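Chain by chain, the residues run as shown.
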Amino acid sequence: MDRQIVYPAQIPLDSDQLNAQRNAYVGLGQLAAMAYGWATIAASGFACTPGDGLALTVAPGSLVAPGVIDAVPYGTLGAVASASVKQFTSRDPVSLTVPGTGAAYTVYVAGITQDADYTVLPFYNAADPSVTYAGAGNSGQSAPTVRQDLARLGIGASIPDGSLPLWTITVPSGATAITADMITQANGAPFYDTIPQLQAGKQDTLGFTPVQQGGGTDQTDDKVCIGNASDISGILRYRAGTTDMGPLVSGQYGAVSANGDVPIYAQYWSITGRPMVGYGETGAAINWQLIATYADVTTETSDRVAAVSAVQSQLPDYVSGIWYMSGADQQVNGLTVSGNTGRPQVFTVAADYTLGLYSDVTTETSDRVAAVSAVQSQLPNYVSGIWALSGSDVQVNGLTVSGNTGRPQVFTATTIYELAENGDVSLMPFSATGTDVASGSATLTFTPTKSGTLKIDYNAGTAGSAKMTNWGLSATGATYLGGAGNNAGANLLAGSALYSVTAGVTAAITLSVTFSASTPEVLVGGTAIFVAS
């Protein structure tokens with residue numbers, strides 16, 4: 001690394017200061033090349049955390065990348081195209097706004113070199129040292145005062161040329177804020193471990209984690225060798241010092257995972273005097289289970305023989321559940337007396353049956369005799385449905401009153417008949433007579449107890465020679481449904497009309513006629529029939 005030399009009373013030159021900085025710049029680049037290599041791009045820092053809303057905060061960081069010392073002149077020094085490793089920095093936290101939602105975006109960084117902090121500098125005026133120039137040659141022009149190697153950060157759906165990915169931001173549709181789980185390190189991000197991280201992971205180069213041999217309580221320093229048994233693959237054998245100790249017991253050998261077999265992890269002798277084994281799924285909690293000893297088996301054998309002998313001695317006292325069983329018969333598995341009913345209960349595999357007592361039969365006989373006697377005593381109060389039944393007559397099965405119409409209903413096996421009741425049909429006359437008159441009228445007034453239809457047959461005429469010039473029907477409390485009248489005889493009228501009437505509403509229907517002149521006698525009237533709905 002080069003260093004500038006200056007002397008007392010030497011006239012200071014701008015190149016001395018610029019070269020001092022360039023030499024330090026080159027030295028740092030060489031040092032970075034020793035650490036990362038001449039072609040490596042590495043990033044450090046740039047931690048990415050959620051900001052407010054859809055914003056991110058990227059911490060300060062630096063980017064090491066290959067370049068040249070100075071691609072353009074540095075102050076009064078010329079450009080130097082020699083290779084160097086450059087450090088681009090971002091000194092302060094940077095806030096970035098995520099462009100949208102429902103997509104993945106990349107936080108990227110690019111290394112740029114720029115001259116900045118332009119200002120109009122004071123220059124020495126040789127003609128009049130007391131008055132400085134404003135800018136070189138008193139031009140008044142500003143000049144850069146610092147050359148910056150900057151790490152410029154950005155975010156977008158794609159990575160611009162010359163930029164490097166740092167973080168991937170995956171934003172769900174409709175999100176209103178960035179959360180930590182949306183931020184992941186981008187593929188190809190040039191982050192490398194620091195020297196302390198490398199020191200902590202130096203055993204990684206071994207490819208395995210070493211285990212200390214010996215040094216524990218009640219342990220010797222003998223060399224221990226463990227390896228796959230050459231005679232039984234999948235079983236480990238070990239040797240302590242020069243002594244072959246044989247195979248290690250495997251907790252997995254022979255297990256078939258597809259059949260639900262699980263490994264045994266540990267075994268010890270419990271306080272119960274039996275071995276205890278621990279087993280379970282890989283990664284799951286260990287289940288512990290006692291294992292029987294041979295003494296447990298022989299004890300159980302003796303107990304079984306004694307128990308069978310005791311049961312066999314009691315069989316003559318039991319009722320057989322398969323006696324004479326054949327075909328679809330079912331074995332009786334149990335015969336008990338119910339604590340609730342006091343009756344015997346029979347149990348099979350398929351169903352349970354409750355048996356009756358003899359007292360149940362005698363009680364039922366008494367109840368039947370009493371019930372028959374009670375029914376027979378009520379028969380005189382009933383209407384016979386077969387009285388005088390003969391020929392093609394059919395039996396009446398029921399006689400009721402309709403809940404809809406309120407009329408009696410007669411039921412046979414095939415038909416329902418609704419009977420009429422008082423007020424369902426009514427016949428009514430109405431008439432009027434006039435003497436020496438030229439007109440006449442007659443009115444039928446009727447208040448039905450039920451709604452229905454009213455038919456009127458009406459007529460009018462005179463014995464004189466006057467001609468009928470006009471006639472008509474008018475009604476109140478009734479709705480005209482239709483009808484027709486005829487006075488083709490000139491002095492004689494006949495016709496019929498239908499009206500609907502409502503229960504409780506008085507209907508008044510008037511027949512009126514007019515003649516061409518006074519006539520000795522005018523007769524008006526008719527008959528009406530009402531049929532309830």
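No experiment lies behind these values; they were computed from the predicted model shown.

**Looking at the overall build of the chain**
When helices and strands are tallied, the chain shows 4 helices and 30 strands. Over its C-alpha trace the chain gives a radius of gyration of 61 Å, far above what one expects of a compact globule, namely 24 Å for 533 residues. Within the chain, the proportion of its 533 residues that are buried is 24%. Here the contacts in the chain between residues at least 6 apart in sequence split such that 55% fall between residues at least 24 apart. Here the chain displays about 35,200 Å² of accessible surface, and carbon together with sulfur accounts for 56% of that area. A distance of 4 Å separates the average location of the 18 positive side-chain charges in the chain from that of its 37 negative side-chain charges.

**Concerning the sheet that holds strand 21 (residues 352-354)**
Taken in spatial order, the 3 strands line up as 19-20-21 in an open sheet, and their pairing is antiparallel. Looking at the sheet topology across the chains shown, the edges are occupied by strand 19 (334-337) and strand 21. Averaged over all neighbouring strand pairs, the angle between strand axes comes to 20°, with direction disregarded. In terms of strand pairing, strand 19 meets strand 20 (residues 344-347) through 4 bridges, oriented antiparallel. Bridge pairing in strand 20 links valine 337 to proline 344.

**Things to note about the side chain of aspartate 70**
Relative to the elements of secondary structure, aspartate 70 occurs in strand 4 (residues 61-70). The class for aspartate 70 is buried, based on a relative accessible area of 7%. One polar contact links aspartate 70 to arginine 22, side chain to side chain, over a distance of 2.9 Å. If near-sequence neighbours (up to four positions away) are discounted, aspartate 70 is found in contact with Arg22, Ala79, Val80, Ala81 and Arg147.

**Considerations on unusual backbone geometry**
Residues other than glycine seldom take positive phi values, yet alanine 9 does so here, at roughly 70°. As for its position among the elements, alanine 9 is in the segment before helix 1 (14-36). Here the phi dihedral of aspartate 436 falls at roughly 50°; this positive angle occurs in a residue that is not glycine. Note that aspartate 436 resides in strand 25 (residues 425-446). Residue classification places aspartate 436 among the exposed positions, given a relative accessible area of 54%.

**Observations regarding the side chain of asparagine 125**
For asparagine 125, the position within the fold is in the loop between strand 8 (122-123) and strand 9 (133-134). Side-chain polar atoms of asparagine 125 contact the backbone nitrogen of alanine 127, separated by 3.1 Å. Those residues in contact with asparagine 125 that sit more than four places away from it in its chain are Val131, Thr132 and Tyr133.

**Thoughts on the sheet that holds strand 6 (residues 94-97)**
Taken in spatial order, the 3 strands line up as 2-3-6 in an open sheet, and their pairing is antiparallel. Each edge of the open sheet is held by one strand with a lone partner, namely strand 2 (48-50) and strand 6. Going across the sheet, the axis of each strand differs from the next one's by a mean of 30°, ignoring polarity. The sheet contact formed by strand 3 (residues 55-58) and strand 6 spans 4 bridges and is antiparallel. Within the sheet, the bridge partner assigned to threonine 57 lies in strand 6 and is serine 95.

Rules used throughout
Residues numbered from 1 in each chain as written. Predicted model: local features only at pLDDT ≥ 70, side-chain atom pairs only at ≥ 80, totals over all residues. Heavy atoms only, no water. Helix = DSSP H or I, 4+ residues; strand = E, 2+ residues; numbered from the N terminus. Rg over C-alpha atoms; globule rule 2.2 N^0.38 Å. Buried < 20%, exposed > 50% of the residue type's maximum accessible area, 1.4 Å probe, protein only. Contact = heavy atoms within 4.5 Å. Areas by Shrake-Rupley, 256 points an atom, 1.4 Å probe, with all protein chains shown as cover. Lys, Arg positive; Asp, Glu negative; His and termini not counted. Charge placed at Lys NZ, Arg CZ, Asp CG, Glu CD. Pairing = 2+ DSSP bridges. Axes fitted to C-alpha atoms, helices over the stretch in contact; angles between N-to-C directions. Polar contact = N/O pair within 3.5 Å; in protein donor to acceptor, adjacent residues only side chain to side chain.

Don't take any of this as a statement about function, it's just geometry.
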